[in-house]
Amino acid sequence: MEPEPLHSTNAVRCRTNSSRPYRSKRHPPCDECRRKKLRCQVDSHSSCQRCLTAGYPCSFAYPLHRRRGAALSRSSASPTQQVATINSTQPEQVSSIQQSHPAHLSTNPPPLDLFAPDPTEIPSASVNTHTQTPIPFVERHAHQTIQTLDGLDGFSYQVIGASGESDPWLLRHCKFNDKGFLLSHQVHFRNAGGVPLDEKIPVHFLVTADRLYESSEPSPEYPSSSFTREELDSLVSQECGQRLVVLFFRFVFPTLPVLSCSQFDLAAAGTVPDPSTLQRTPVCLLAAIYASALPFAKFDDYLCLIYAYSLPSTDRLWRMVLALVLQASHTPRLATLQAGILYLHRPISATEGAVADSVSVWSFVGMLVGIATSLGLQLECKPMGLPAWERRIRRRLWWAMYAEDKWRSLLMGRPSYIRNDEWDVTDLGEEDFSVSDSLRDALQSPSTDCNSSHEVWYAQPFQHFIRLSRIADELQQSLYALRSAQRLCSDFHATLETARPLLQKLKEWSEHLPASLRQQTRPTNTMERVSSQLGCLRFACILLEVFVFRALLRPMVRSAAPPPLYEETHAIPGLADQFDDLINQLFEVDEFEPSLAIDLSEENGGGSAVLQAAENCAAKMLRMVMRVGYGDTSGFWYSWSRIGFATVSNFLILLLVQAPTQDHALRAKRLVDLWRNELRNQKQSSSMVCLGLVRLEATLWAGLSRNYYLPRHVKEILERE
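Residues numbered from 1 in each chain as written. Predicted model: local features only at pLDDT ≥ 70, side-chain atom pairs only at ≥ 80, totals over all residues. Heavy atoms only, no water.

### Here we look at the environment of Phe251
No. 1: Examined against the element boundaries, Phe251 turns out to sit in helix α8 (residues 238-251).
No. 2: According to the relative accessible area criterion, Phe251 is buried, its value standing at 2%.
No. 3: Counting along the chain gives 385 residues from Phe251 to Phe636, while the straight-line C-alpha distance between them is 6.7 Å. (Helix = DSSP H or I, 4+ residues; strand = E, 2+ residues; numbered from the N terminus. Buried < 20%, exposed > 50% of the residue type's maximum accessible area, 1.4 Å probe, protein only.)

### Examining the packing of aromatic side chains
No. 1: Following the criterion strictly, the structure yields 24 aromatic pairs and no others.
No. 2: With a centroid separation of 5.3 Å and 45° between ring planes, the pair formed by Phe249 and Phe253 is classed as tilted.
No. 3: Of the residues examined, Phe249 reaches a relative accessible area of 1% and is grouped as buried.
No. 4: Taking the relative accessible area as the measure of exposure, Phe253 reaches 1% and is therefore buried.
No. 5: Ring centres of Trp637 and Phe645 lie 6.3 Å apart, and the angle between their planes is 35°; on these two criteria the pair is classed as tilted. Accessibility assignment for this pair places Trp637 and Phe645 in one class, buried. (Phe/Tyr/Trp six-rings, centres within 6.5 Å; stacked < 30°, edge-to-face > 60°.)

### Some words on the pairing of strand β7 (residues 204-209)
No. 1: Most of β7 sits inside the fold, with 6 of its 6 residues counted as buried.
No. 2: Of the two faces of β7, the one lined by His204, Leu206 and Thr208 and the one lined by Phe205, Val207 and Ala209 are each fully buried.
No. 3: Pairing of strand β6 (residues 188-191) with β7 involves 4 bridges; the strand directions are antiparallel. From the neighbouring strand, Arg190 faces β7, where its bridge partner is Phe205. (Pairing = 2+ DSSP bridges.)

### Brief notes about empty space enclosed by the protein
No. 1: Applying the stated criterion across every chain, the model contains 14 cavities of 30 Å³ or more.
No. 2: In this structure, the second largest cavity occupies an estimated 230 Å³ of space.
No. 3: Contributing elements (two or more residues each) for the lining of the second largest cavity: α6 (168-171), β5 (181-183), α25 (641-657) and α27 (690-702).
No. 4: Broken down by element, the lining of the second largest cavity gets its largest block of residues, 5 residues, from α27.
No. 5: Looking at the lining of the second largest cavity residue by residue, the classes come out as 12 nonpolar, 7 polar and 1 charged. (1 Å grid on protein atoms, 1.4 Å probe; cavity = no way out; pocket = protein on both sides within 12 Å on 5 of 7 lines; lining within 4 Å. Points joined across faces, edges and corners; volume = space filled by probe spheres on them. Nonpolar A, V, L, I, M, F, W, Y, C, P; charged D, E, K, R; others polar.)

### Points about helix α26 (residues 662-682)
No. 1: The end-to-end C-alpha distance of α26, which contains 21 residues, comes to 30 Å, matching closely the 30 Å that a straight helix rising 1.5 Å per residue would cover.
No. 2: Those residues of α26 that sit buried are His664, Ala665, Ala668, Lys669, Leu671, Val672, Trp675, Arg676, Glu678, Leu679 and Gln682. (Expected span 1.5 Å × (residues − 1).)

### A look at the packing of helix α18 (residues 460-480) against helix α20 (residues 492-511)
No. 1: The contact between α18 and α20 brings their axes to 11 Å, and the two run at 175°. With respect to α20, the element α18 is oriented roughly antiparallel. On α20, the residues touching His464, Arg467, Leu468, Ile471, Glu474, Leu475, Ser478 and Leu479 of α18 are Thr495, Thr498, Leu502, Lys505, Leu506 and Trp509.
No. 2: Its residues assigned to classes, the contact of α18 with α20 comprises 7 nonpolar, 4 polar and 3 charged. (Axes fitted to C-alpha atoms, helices over the stretch in contact; angles between N-to-C directions. Parallel < 35°, antiparallel > 145°, perpendicular 65-115°, else oblique. Contact = heavy atoms within 4.5 Å.)

### Observations regarding the side chain of Ser409
No. 1: With respect to the helices and strands, the residue Ser409 is situated in helix α16 (residues 388-412).
No. 2: For Ser409, the side chain forms a polar contact with the main-chain nitrogen of Ser416, separated by 3.5 Å.
No. 3: Those residues in contact with Ser409 that lie beyond four places of it in its chain are Ser163, Trp362, Arg414, Pro415, Ser416 and Gln476. (Polar contact = N/O pair within 3.5 Å; in protein donor to acceptor, adjacent residues only side chain to side chain.)

### A word on the pattern of salt bridges
No. 1: All told, the structure shown has 23 salt bridges when counted by the stated rule.
No. 2: In this structure, the salt-bridge partner of Asp405 is Lys406, at a minimum N-O distance of 3.5 Å.
No. 3: Put simply, Arg470 and Asp427 hold a salt bridge, and the shortest N to O gap is 3.5 Å. One end of the pair, Arg470, is in helix α18; the other, Asp427, is in the loop between α16 and α17 (437-443), with 43 residues separating them in the sequence.
No. 4: Classification of Arg470 as partly exposed rests on a relative accessible area of 35%.
No. 5: Linked through salt bridges whose partners overlap, the residues forming this network are Asp357, Glu404, Arg408 and Arg642. (Salt bridge = Lys/Arg side-chain N within 4 Å of Asp/Glu carboxyl O.)

Written as structure tokens, this is what we have:
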């Protein structure tokens, strides 16, 4: 655990033989003595006696606060002078300059290596504390300089929405530097500055190096004209393709029924579709089916042998899908939308899974919504003069697109594309999932408790998922839409009244699930696809509960006033500089720590009950994930589930940072530790948890007290570890 930084404007003082109480404001002690709550014994040396004896780096050995004028004079120097200065500086001094004054994030910054450990945040056990100068750290900056976002060369940024996986109401407790940045190992957070204010939500941006998204960008070496049926046949033979279609219907279709079963009539060929069926299927859709089914090739006896040593390039197949979908977006058909939805749920590698979705993902969702509405899928088609198979697939495609829009809107913190007053498609029924007898036998689960011949088990997961998506839409609109969040973020009782019916609907949704979908443990004698559907549904339901309680935690603590904004190019008047120094001397860091805005002892207030329910919700999510077997996470999951795991990690940190008492802090700390261990275990079998694990590790590795203002009792809990 790092020593707690000292909140002072001048740690290098006249060192006389005297002792300094650890709570002194006029003569503050060194960091280590203050952290241990001991009197600081000062002598004529550059360190206190306790630090010299123990061999600790003492904060008296370096200045913690540079004068504003000197920093600004450096910022006004020419780029050539800045480069010359940095080149002549020692490596540890360069790290110090980047932390306190990140000039490389202004106009024309040099590339930043996001994969290299940041010495300002990750202490190394091999550092010789007697030969290296400790990195200075300012606890609270008195101002934030105005700096462009759009001029960050080599970096892209995106706003963190109210319901984004990185909670803006947790980020308000972060220790941003004087540029508004919180620098981390993989990602950077930028405080917009000037907020939160009354009726305005905290605004932050996620700043990411462009090169992290290179693997997901379309490759210029493959023009769309080269993606032909011959190219697809060279990657996947016809015999293998037939079997991959069967695997798709076994493992992907029950969770994402976006294909027309009648068009792939498996009964016509007995066990596999006829070759003519594959030939008349558009290339973009066929490539998407192959790529979606390839992860399950091990469950086919023939493919398991053929692909034992070399699988077709799934990356090549998905690039083919993307290029052809974009090309066909000018003249779209249903196959264009089907391939696009499958592309959104493509499996990704662990490396790519550790990076947040780029802006292009939400833009792609918008394009697909535009295609769906242009094809008229938002209109009820039952009375239309269309074939039965087309009416079925149009209705299923609309609800798949609706769910895509609503879940990604919630998880990415973006306004929904689909307006509730612009569609009239009725709920899905069993008649919307009519399939052939052979396919029904392949999809039917031996663990189902169906006694009625009219009940279609394989249709149930998607039907219940759509009902849950309707609740997700209502939750987003009532708690996280911009106007709703502005109105409720400081009103606990109004938030509680809004949250109660949502929690009741989630409870009723769970109670109305059939017994086969309510099982809390993995059912026996069932295929892997069954448990993955159940795990995905349970995870989505509890995730919505997390969002409800996250909204309830917003108004329970106060927000610190934002630091004043100053133009970077203008020198701060000397009077303002003296005033900043005076403020830093008079106020402790406690002024910026999360403090309760409601009375937890109030009998009718519900604050204590809400906090306990939030902890129980986190524990329920933890138990559910711990019970997940290998088949659950290695099966087909909605790709946005990885954002959900990151949301849960963020929620657990929120419980710890805002814990009002030591008991609550202890419970939250235990939940964080258990969740961290479980994600590490799950990572071995699935890349779905990678983003959640990276978000958690990035926060804990540098130390919570380094990145967040913490209540005293939370600091004490962390120091015991």
